[in-house]
Amino acid sequence: MCPCSLARVNETTASPSGPTNRLPDAGSAAAIVAALDRPTKVKLLSGKATFALEGLPGHGLDPIAVSDGPHGLRHQPRDGDHLGLQGSLPATCFPTAAALGSSWDVDLLDEVGRAIGAEAVDQGVTVVLGPGLNIKRHPAGGRSFEYLSEDPFLSGKLAAAMVRGVQSHGVGTSIKHFAANNHESHRLIVDAVVDERTLREIYLTGFEIAVKESAPWTVMCAYNLVNGVYASEHTELLTTILRDEWGFEGLVMTDWGAANDRVAGIRAGLDLEMPTSGGAFDPAVLAALDDGSLTEDEVDRCATRVVQLLQRARRDSVAADYDAHHQLGRRAAAAGSVLLTNNGVLPLHPTPAAIAVVGAFATEPRYQGAGSSQVNPTRLDSLLDELRSRVGTSVSTSYAAGYDARTGETNDTLIDEAVGVAAAADVVILCVGLPAAWESEGFDRTTLDLPAGHVRLIEALAAQSTPVAVVLSNGGVVHMPWADRVDAVLECWLGGQAGAGGAVDVLVGDAEPGGRLAESIPFHVAALPADRNFPGSPRQVQYRESLYVGYRFHDTAGVPAKFPFGHGLSYTRFEWSDFSVEGTGTDLVVSLVVANVGTRAGSDVVQVYVRDPEATLHCPDKELKGFRKVHLEPGESSRVEIALDRRAFAVWDVAAHDWLVEAGAFEILVGRSSTDIVTTIRGDIDSPDTITAAPRPSGFVATDEEFREMYGRPIPSVPPTRPFHRNSTLEEMSSTRLGRLVEAAVVRESVRRAAHEFPDPDDATLEMIRSAVREGPARALVLLSGGLVPFDAIDALIAGCNGDRRAASAAIRRLVKRKQRSG
């Protein structure tokens, strides 16, 4: 065995305090703002275009470009559109966050971030809009592919690494969506009602870690309300917590079209409205300055932060190595793939004489999700082509589609063809998953099932004698009642443009399946407490499950997951030994030796959980508080050290409004997953803190009375649908004849524009557009049209739907006067 060496797992590979991350002097920005007149200052607080900020050419500050970029740039060099319907420049489409999160590899996330940052410099982008940090509260969330984990600690650490990587190039990031934006249905109007402790411990912790450890240039607020207040005007979130407590010094911007009351937003600490609304809010802001309801200092504060962001912009362009980034994407896809089951059929070594590849995704890959994160890839691999290239002509590689890639549907002819090619092969590689139309930004899934056609195909192939290895392509977890009837299941998520190559590398053994689950996979979604309130009503969702999301529920309730958090098989074997905990108080270091005792190179993930067996407050059975991924050659060993600090043992005490540590017994659990615990180390911790007893639910879904007690104040009421107002949706107004006519016209026009600007919009894109139009507030028609639809027109529509002819006439007169003045 090789001598022990320090594990190659440094968490920090780029310093957040380095020169590329340094905030420009506030004094110089403030001096520029002081020289501006009011209209210019107010104009700065809104975008110049869909993906551009206003500049100040007279002060040497050009407009700057921002771009979507959770897993690759979607840069539209001309004025683009929010949903990416217009063409974007080619860029590397890296694995989505679901796959990157499953890598548990901070160094890899840093490396991917560096590549995205390099492409941003190449394409003239100043701020990359990502990564996403929202928690996977429920596995059916439509945007699950864009988020890293169900666990805030893992999410925060990985996001911080990506931020450091991007910003190492002098390019900013925007961590999003702050906060409690955990599903898609009615996301622009829904109120996430969550008790203070749950909000702090589950939904804010990841953001806190990213802010403190990587100093992102910007934070993007969410669409939704949080406890009755829009995130875009939430003083506690945007100022008290983000700036005063966490020390954030950058700029806060809206998600696209999230501004509600711009005056309230400026007061709360919202610096920038995106995209441009064509100055729709400017009259209200200027009027508030005139009447004193908004102060000059409040506007100057926001304008100064915008100027500071303009000052940070790079003025040069450096070519990026897109070929190298494609190879990085391939390596990252393999690192995030999770081998869920394997009876020895994988890896395919020695290579079988005949391989049957079944499933249309082998030739028409599912590699990214739909919505604002869609990347125009520089190239796109297919599994069938990559496998044939790898194994050569000496291996017979047959193919059968098995189902329609667009719908997932199958028929007897397709099934018979698939069974036929399987019978003539030594092994079957079966590619299944979720069609694009089944998951997207803008709407949530209604089931975790695979398409019935995919399940039928799996069952037909599992019933014959040829071994079957299933390769899954999906952005969110799926039910797998069939998993024990096939020979292997490789979860590849949405692996990006090189994902098919990464999957082939794992299948044939050129790379290991490096992933571990960053989210639990339940036997059935109905077992989850969050399922009782998902997605809730259009106007409100109550987080009655409290802290018990993902493994925090499964392990506490004794309800096993099909595949637990942290699970993942390897092609080699590891042994852990020589465990120790050293340190004093709550500053501890967990140490162990990890040895690769197998015959292949591989990686292992050491996971450290903390349990409080004597807690005054209700607590999950265990919580992740540290991890390391270590890469080892055969016969190599390495000592791994994982630090725990005070926060690892703290809970949020609502009465004290602070993180407190309760004195007494604690257990440190070191494991390969949340359920595969290798060793438990027990000890006592001294602390002067006094924890205040608080209401606890009797089960895992709080009753009405229990939820009111946990919430600590009256639960926000759901506003009545009528009378209609600017935050009423077209869906709500369609209960009137005028509303139905307008809804149909707007949906029709939106779909027409999609077909014009994006010649072949897929089903997910079309459904996202329809959902956005129907479920969005009326004010969004103003904000997302760049002000082409004025508020007066919306007010006239609202008054008409309310049957208020006088108000409708007044709004129409204002609209006519506006047209006359502008024309």
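Draft legend 1. Geometry of the overall build of the chain. Along the chain, the regular secondary structure elements total 23 helices and 27 strands. Viewed in the frame of its principal axes, the chain has a C-alpha envelope of about 80 × 70 × 55 Å. When the 823 residues of the chain are sorted by exposure, 63% land in the buried category. Excluding contacts between residues fewer than 6 apart, the proportion of contacts in the chain whose partners are at least 24 apart in sequence is 77%. With the model as given, the accessible surface of the chain reaches about 28900 Å², and the carbon-plus-sulfur share is 51%. With 76 positive and 106 negative side-chain charges, the chain shows a spacing of 6 Å between the two charge centroids.

Draft legend 2. Focus on the packing of aromatic side chains. Counted under the stated rule, the structure contains 16 aromatic pairs. Judged by centre distance (5.5 Å) and plane angle (55 degrees), the ring pair of Phe281 and Phe791 falls under tilted. Of the two residues, Phe281 is situated in the loop between α8 (262-268) and α9 (282-291) and Phe791 in helix α22 (residues 791-801); the sequence distance between them amounts to 510 residues. The buried category is assigned to Phe791, whose relative accessible area is 10%. Relative to Tyr609, the ring of Tyr551 has its centre 5.9 Å away and its plane inclined at 75 degrees; by these criteria the two rings are edge-to-face. Here Tyr551 is found in helix α16 (residues 551-557), whereas its partner Tyr609 is found in strand β21 (residues 602-611), with 58 residues between them in sequence. The residue whose ring lies beneath Arg672 is Trp576, and the NZ or CZ to ring-centre distance is 4.3 Å. Note that Arg726 overlies the ring of Phe791, its terminal NZ or CZ placed 4.1 Å from the centroid.

Draft legend 3. Inspection of the pattern of salt bridges at higher detail. Taken as a whole and assessed by the stated rule, the structure comprises 48 salt bridges. Its salt-bridge partner being Arg611, residue Asp621 comes within 3.1 Å of it at the nearest N-O pair. Note that Asp621 is positioned in the loop between β21 and β22 (623-632) and Arg611 in strand β21, a separation of ten residues in sequence. Counted as one network, the salt bridges with shared partners bring together Asp555, Arg611, Asp621, Lys622, Glu667 and Arg682.

Draft legend 4. Fine view of the sheet that holds strand β2 (residues 47-49). Taken together, seven strands build an open sheet; the order of strands is β2-β3-β4-β5-β6-β8-β11 and the sheet is mixed. Here the strands that pair on one side only, and so sit at the sheet edges, are β2 and β11 (251-254). Pairing of strand β6 (residues 172-178) with strand β8 (residues 218-221), which is carried by three bridges, proceeds in the parallel orientation. Note that in β8 the partner of Ile175 across the bridge is Val219. Taken strand by strand, helix α10 (residues 296-312) contacts β3 (52-53), β4 (64-68), β5 (127-129), β8 and β11, and its axis lies near 100 degrees from that of β11.

Draft legend 5. Broad picture of the environment of Asp244. With respect to the helices and strands, the residue Asp244 is situated in helix α7 (residues 235-245). As for Asp244 and Glu296, which are separated by 52 residues in sequence, their C-alpha atoms are 21 Å apart.

Draft legend 6. View of the environment of Leu100. Relative to the assigned elements, Leu100 resides in helix α3 (residues 97-103). Take Leu100: its relative accessible area is 1%, and that puts it in the buried class. Sequence separation between Leu100 and Gly402 is 302 residues; the distance between their C-alpha atoms is 29 Å.

Draft legend 7. The arrangement of the pairing of strand β17 (residues 488-491) in detail. Every second residue of β17 is oriented toward a common face, with Ala488 and Leu490 on one face and Val489 and Glu491 on the other, all of them buried. Where strand β12 (residues 338-342) meets β17, four bridges bridge the pair, whose relative direction is antiparallel. Among the inter-strand pairings, Thr341 is bridged to a residue of β17, identified as Val489. Relative to β17, strand β16 (residues 468-473) runs parallel, the two being bridged by four bridges. Bridging from a neighbouring strand, Val471 pairs with Leu490 of β17.

Draft legend 8. Structural context of the packing of helix α1 (residues 26-34) against α10. Running from amino to carboxyl end, α1 crosses α10 at an angle of 115 degrees, the nearest separation of the two axes being 8 Å. Note on packing geometry: the crossing formed by α1 with α10 is right-handed. Of the residues in α10, those touching α1 at Ala26, Ser28, Ala29, Ala30, Ile32 and Val33 are Asp300, Ala303, Thr304, Val307, Gln308 and Gln311. Of the residues contributing to the contact of α1 with α10, the split by class is seven nonpolar, four polar and one charged.

Draft legend 9. Representation of the nonpolar core. Counting 74 residues, the largest nonpolar core has Leu383, Leu430, Met480 and Trp482 as the members making the most contacts within it. Among residues more than four places away in sequence, those in contact with Trp482 are Leu450, Ile458, Val470, Leu472 and Val489. Grouped together as the second largest cluster of nonpolar side chains are 72 residues, Val190, Val252, Tyr367 and Val605 included.

About the thresholds
Residues numbered from 1 in each chain as written. Predicted model: local features only at pLDDT ≥ 70, side-chain atom pairs only at ≥ 80, totals over all residues. Heavy atoms only, no water. Helix = DSSP H or I, 4+ residues; strand = E, 2+ residues; numbered from the N terminus. Buried < 20%, exposed > 50% of the residue type's maximum accessible area, 1.4 Å probe, protein only. Contact = heavy atoms within 4.5 Å. Areas by Shrake-Rupley, 256 points an atom, 1.4 Å probe, with all protein chains shown as cover. Lys, Arg positive; Asp, Glu negative; His and termini not counted. Charge placed at Lys NZ, Arg CZ, Asp CG, Glu CD. Phe/Tyr/Trp six-rings, centres within 6.5 Å; stacked < 30°, edge-to-face > 60°. Lys NZ or Arg CZ within 6 Å of the ring centre and 35° of its normal. Salt bridge = Lys/Arg side-chain N within 4 Å of Asp/Glu carboxyl O. Pairing = 2+ DSSP bridges. Axes fitted to C-alpha atoms, helices over the stretch in contact; angles between N-to-C directions. Left-handed = near helix turned anticlockwise from the far one by under 90°. Nonpolar A, V, L, I, M, F, W, Y, C, P; charged D, E, K, R; others polar. Core = buried A, V, L, I, M, F, W, Y, C linked by side-chain atoms within 4.5 Å.

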